[in-house]
Amino acid sequence: KAGVTQTPRYLIKTRGQQVTLSCSPISGHRSVSWYQQTPGQGLQFLFEYFSETQRNKGNFPGRFSGRQFSNSRSEMNVSTLELGDSALYLCASSQTGEGAAEAFFGQGTRLTVV
Amino acid sequence: GNSVTQMEGPVTLSEEAFLTINCTYTATGYPSLFWYVQYPGEGLQLLLKATKADDKGSNKGFEATYRKETTSFHLEKGSVQVSDSAVYFCALSPNSGNTPLVFGKGTRLSVIA
């Protein structure tokens, strides 16, 4: 069974640009969550999608957005990039995204904003 | 609100030493508790979990017991190996509804031969 796949693995962007990251969850999983990981703030929740609907949202500005497609694949978009957006972005998939359901993480996309 | 506090790192141990990484939590109700591990350049992998009080999660020689009375979920391993060098994250998930995982800040473990 294939794991969670995130593309690309590495990105370098310039301030002011926008970027789209992709996540393909494990087959059969309907919940996809996104996290930002930085040395200073640790792991911070961005948003969660379930069956194409955003079900939860973290405390990030509107420049961060996402969507989920009918095949459960998800994308997140960051517009007007800032230096502080440099981070490892992790995607996690889960069958239900609830309670004790195990979340499986991808390897992440390392975004560097210069 | 929900929060997880885990011991600051880094932790440096010699091979075959005993490991404890402390984790305490604050939550409404009775959450599920998890330990995740992140190896260099990788995403997070679930190491073990416990879903109710007094449950013991175990995997690859690691253990953690869900202690409701002390709101703790400390990670232990009797004899660490160099290959255990990684960052360890304690996390909780409320059992009601679909609120996301809440993570601690992570503890970096380095095991030297």
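Quick look at the structure, then. (Residues numbered from 1 in each chain as written. Chains lettered and ligands numbered in written order. Predicted model: local features only at pLDDT ≥ 70, side-chain atom pairs only at ≥ 80, totals over all residues. Heavy atoms only, no water.)

### Some thoughts on the overall build of chain A
Helices and strands together make up the secondary structure of chain A, namely 0 helices and 11 strands. Reading the secondary structure of chain A in the N-to-C direction produces β-β-β-β-β-β-β-β-β-β-β. The C-alpha radius of gyration computed for chain A amounts to 13 Å, which stays within 12% of the reference 13 Å derived for 114 residues, consistent with globular compactness. Along the three orthogonal principal directions, the C-alpha set of chain A runs to about 35 × 25 × 25 Å. Taken over 114 residues, chain A has a buried fraction of 50%. For chain A, restricting intrachain contacts to residue pairs at least 6 apart in sequence, the fraction spanning at least 24 positions comes to 55%. Roughly 5,300 Å² of accessible area belongs to chain A as shown, and the carbon and sulfur atoms make up 47% of that amount. Side chains of chain A carry 11 positive and 7 negative charges; the gap between the two charge centres is 6 Å. (Helix = DSSP H or I, 4+ residues; strand = E, 2+ residues; numbered from the N terminus. Rg over C-alpha atoms; globule rule 2.2 N^0.38 Å. Buried < 20%, exposed > 50% of the residue type's maximum accessible area, 1.4 Å probe, protein only. Contact = heavy atoms within 4.5 Å. Areas by Shrake-Rupley, 256 points an atom, 1.4 Å probe, with all protein chains shown as cover. Lys, Arg positive; Asp, Glu negative; His and termini not counted. Charge placed at Lys NZ, Arg CZ, Asp CG, Glu CD.)

### Quick look at the state of the cysteines
All names here are of chain A. Evaluated as defined, the whole model comprises 2 disulfides over all chains. Two residues, cysteine 23 and cysteine 91, share a disulfide whose sulfurs are 1.7 Å apart. One quick way to see it: the torsion about the S-S bond of cysteine 23 and cysteine 91 is about -50°, and its sign makes the bridge left-handed. You can see cysteine 23 sitting in strand S3 (residues 19-24) and its partner cysteine 91 sitting in strand S9 (residues 87-94), a full 68 residues away along the chain. By relative accessible area, which is 0% here, cysteine 91 ends up buried. (Disulfide = S-S within 2.5 Å.)

### Remarks on the nonpolar core
Counting 25 residues, the largest nonpolar core has Trp35(B), Leu48(B), Phe73(B), Leu75(B) and Tyr88(B) as the members making the most contacts within it. Of all the elements in the fold, those that place two or more residues in this core are strand S2 (11-14), strand S3 (19-21), strand S4 (23-26), strand S5 (32-38), strand S6 (44-50), strand S8 (62-65), strand S10 (86-93) and strand S12 (107-112) of chain B. Tallying contributions element by element places S10(B) first for this core, with 4 residues. Not counting residues within four places of it along the chain, the set of residues in contact with Phe73(B) comprises Cys23(B), Leu33(B), Phe34(B), Trp35(B), Leu48(B), Lys49(B), Ala50(B), Ala64(B), Thr65(B), Tyr66(B) and Cys90(B). The next biggest cluster of nonpolar side chains, apart from the first, holds 21 residues, and it includes Ile26(A), Trp34(A), Phe60(A) and Leu111(A). (Core = buried A, V, L, I, M, F, W, Y, C linked by side-chain atoms within 4.5 Å.)

### Brief notes about the pairing of S4(B)
All names here are of chain B. Across the two faces of S4 the burial differs, with Cys23 and Tyr25 buried and Thr24 and Thr26 not buried at all. Sheet topology note: the strand S1 (residues 3-6)/S4 ladder contains 4 bridges and is antiparallel. Pairing of glutamine 6 across the sheet is with cysteine 23, part of S4. (Pairing = 2+ DSSP bridges.)

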